[in-house]
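# Topology and contacts: notes
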Amino acid sequence: MEQVYPVDFFDGMQAGAKPALMYFNAEGIFIQLGQYWNKEDSVLFYNYHQCKTQQTGNELFVFLNKDATNYISFSVNGSFVQDLKQQLERKDSSFAGSLLRMNAFTLLLMVLLLFSGVYWAISTIVPWAGLKLIKPKTETTLGEKMHESMMRGETIDEKRTALLQQFAKELQLSKDYPIKLTVVKNKEVNAYAIPGGNIVVYTGIIKAMKSPDELAALLGHEAAHINERHSLKSILRSAATGLLVSVVLNDVSGIFSIIVENAEGLRTMHFSRGIEANADEEGMKLLVKNGIHPLAMKKLMQRLKENTPEIPDAFSFMLSHPATDERIKHANEFAIPYKKSSFAPNPVLDSLWSELK
C-alpha cells in the first residue's frame, strides 16, 4: 500500500472541509474520506491533467477538476509536497495533458491542421513517388491505353488526323515522347494532351484558328504539357488517395489501373497559372526552335479570348486553358528579344494548313 497523507478535502457542496486521506502515483491522485484508509471503502480518483495548484501562504491548494469545485489543501511543508509537485509538473509537459487542457475550438483547429497536413503530404508525396515509378517509356504505354479508352465513342476525322500528323512531323516537338495526333469531329474549341505523347485536337479549334503558326503554337503548348509531364502529375495528384496503397506496395499495375480510370478528366483538366505559364514558355521555345515566331502563341491566345463570345463552344478550351491577360503579357515579353528577327514561312506547313482548313 502506498504512503497515505492527511489532507483537507472540499467537495464543492459543503462550505467546510472534510478530513481525508490521499495517496498518489504516476496515474493520478486518490482520495478517500475519513481518517483511516479502508480498502473496502470507495476511492475518488483524479487525473493529473485536470489538476491545478495554487499556493496561499504556507498552504497549497490542489484543484482536482476543471471547474475547481473539488480541491484539497495541505501545508507546503509536508514531506510529500515536492514529489506531488513533480508529478503535476510532468503532466504539464505531456502532449496528452496539453490536449486535455485545450478547448473544443482549439482541438477542432488542430484536427483540421492535421488533416490538411496529411492531405498535403499525400497530394505531394504520392505524385512524386508515382513519377519516379513511371518512366517515360512506361508512360507512353500507359498513355496509349488512356488514349484508346478516351477515344471510345468519339468520331475521329481520319483525313485531318493524317494531315495533322504530317504537320507535327515537320516540327520538333519532343525528344522523349513519340507525339501522335488525333483529330476528333467535335465543334467544341478544345485540345488536350495525354501523358506519353498523344495530343487530341477537336475540329472546332482548327476552324477557329487563322494561320499555321497558331496551330504550331497550339501543338507546342500541348507538347510542353507532355514533355513537362503536367498531365500525368495532375492525374496522380487528383487520384493521390487511391494511389497511396499502390505506391507503398510498389504496385505499378495498380497505379496504371487507377490512372486510366481517371483519364477522362484530361478533357477539361484545369491547370494552375504556373503550369500554364510554363507550358506557354516551353511551347514558345519549341516555336523558335522550329523557325516560327514566338508571337504566334500570343496571337493564338488573343484570338481565342477575343472570339470566345462569337464561338460559344470555345468555353471548354478556355476553361481548361484560361487565356488570361497575364499569360498574353508573358507571351509578349518572351517574344521581345525576337522582335527584329525574321522567320521564313514554311511552305510545307502552309500547304498542310490549307488542306486542314
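Right, let's walk through the structure included here. (Residues numbered from 1 in each chain as written. Predicted model: local features only at pLDDT ≥ 70, side-chain atom pairs only at ≥ 80, totals over all residues. Heavy atoms only, no water.)

### Let's talk about the sheet that holds strand S8 (residues 180-184)
What counts, and what does not: Whether two strands pair depends on DSSP finding at least two bridges between them. The way it works is that DSSP assigns letters per residue, a run of H or I at least four long becomes a helix, a run of E at least two long becomes a strand, and they are numbered from the N terminus. Axis definition: a line fit to C-alpha positions, over the contact stretch in the case of helices; interaxial angles, taken between N-to-C directions, run 0 to 180 degrees. In this description, contact between two residues means that some pair of their heavy atoms is separated by no more than 4.5 Å.
Pairing within the open sheet is mixed, and its three strands lie in the order S8-S10-S9. Of all strands in the sheet, those bounded by a partner on one side alone are S8 and strand S9 (191-194). Mean inter-strand twist for the sheet, computed between neighbouring axes without regard to direction, equals 20°. Across five bridges, S8 lies against strand S10 (residues 198-202) in parallel orientation. When the sheet's bridge partners are listed, Lys 180 is paired in S10 with Asn 198. Taken strand by strand, helix H4 (residues 136-150) contacts S8, S9 and S10, and its axis lies near 140° from that of S9.

### Some thoughts on helix H15 (residues 347-356)
Our working definition: Only protein chains enter the calculation, and the probe is 1.4 Å; a residue is then buried if its accessible area is under 20% of its type maximum, exposed if over 50%, and partly exposed in between. Arc definition: it is the arc formed by the directions from the helix axis to the C-beta atoms. Distance and chemistry together define a polar contact, namely a pair of N or O atoms within 3.5 Å, with one atom able to donate a hydrogen and the other to accept it when in protein, and with adjacent residues in sequence counting only for side-chain atoms on both sides.
Listed as buried for H15 are Leu 349, Leu 352, Trp 353 and Leu 356. Buried residues of H15, seen end-on, are gathered within an arc of 105° and therefore sit on one face of the element. Among the exposed residues of H15, those pointing more than 90 degrees away from its buried face are Pro 347 and Ser 354. The backbone nitrogen of Val 348 has a side-chain oxygen 3.0 Å away, supplied by the residue at the start of H15, namely Asn 346.

### Describing the pattern of salt bridges
The following threshold applies: Salt bridge criterion: a side-chain nitrogen from Lys or Arg within 4 Å of a carboxyl oxygen from Asp or Glu.
All chains considered together, the criterion is met by eight salt bridges. For Lys 180, the salt bridge is made with Glu 144, and the minimal N-O distance between the two is 3.2 Å. A residue pair is termed long-range when its members are at least 10 positions apart, and Lys 180 in strand S8 and Glu 144 in helix H4 qualify at 36 residues. Judged by relative accessible area, which is 29%, Glu 144 ranks as partly exposed. The salt bridge partner of Arg 327 is Asp 280, with a shortest N-O separation of 2.6 Å. With Arg 327 in helix H14 (residues 325-335) and Asp 280 in helix H11 (residues 273-289), this pair connects stretches of sequence that are 47 residues apart. Take Arg 327: its relative accessible area is 7%, and that puts it in the buried class.

### Digging into the packing of helix H5 (residues 158-169) against helix H7 (residues 212-227)
Put simply, the rule is: Orientation categories follow fixed angle ranges, with anything under 35 degrees roughly parallel, anything over 145 roughly antiparallel, 65 to 115 roughly perpendicular, and all other angles oblique. Amino acids outside the nonpolar list (Ala, Val, Leu, Ile, Met, Phe, Trp, Tyr, Cys, Pro) and the charged list (Asp, Glu, Lys, Arg) are all regarded as polar, and Gly is one of them.
Interhelical geometry of H5 versus H7 gives an angle of 80° and a closest axis separation of 11 Å. Between H5 and H7, the angle is such that the two are roughly perpendicular. Side by side, H5 and H7 meet where Leu 164, Phe 167 and Ala 168 of the first sit next to Pro 212, Leu 215, Ala 216 and Leu 219 of the second. Grouping the constituent residues of the contact of H5 with H7 by class yields seven nonpolar, no polar and no charged.

### Quick word on unusual backbone geometry
A positive phi angle is found at Ala 68, which is not glycine, with a value near 60°. Relative to the helices and strands, Ala 68 resides in the loop between strand S6 (59-63) and strand S7 (71-75). A residue is classified by how much of its surface remains accessible, and Ala 68, at 33% relative accessible area, is partly exposed.

### Concerning the environment of Lys 175
Note that Lys 175 resides in the loop between H5 and S8. You can call Lys 175 exposed: its relative accessible area is 81%. The spacing of Lys 175 and Asn 227 is 52 residues in sequence and 8.4 Å in space, taken between C-alpha atoms.

### Focus: the nonpolar core
Spelled out, the test is: To qualify as a nonpolar core, a set must consist of buried Ala, Val, Leu, Ile, Met, Phe, Trp, Tyr and Cys residues joined through side-chain atoms within 4.5 Å.
Membership of the largest hydrophobic core comes to 42 residues, with the highest contact counts inside it found for Leu 164, Phe 167, Val 201, Leu 215 and Leu 219. Per element, the largest residue contribution to this core is seven residues, and it comes from H7. Leave out the neighbours within four places in its chain, and Phe 167 touches Pro 212, Leu 215, Ala 216, Leu 219, Leu 349 and Leu 352. The next biggest cluster of nonpolar side chains, apart from the first, holds 21 residues, and it includes Phe 9, Met 22, Val 62 and Phe 74.

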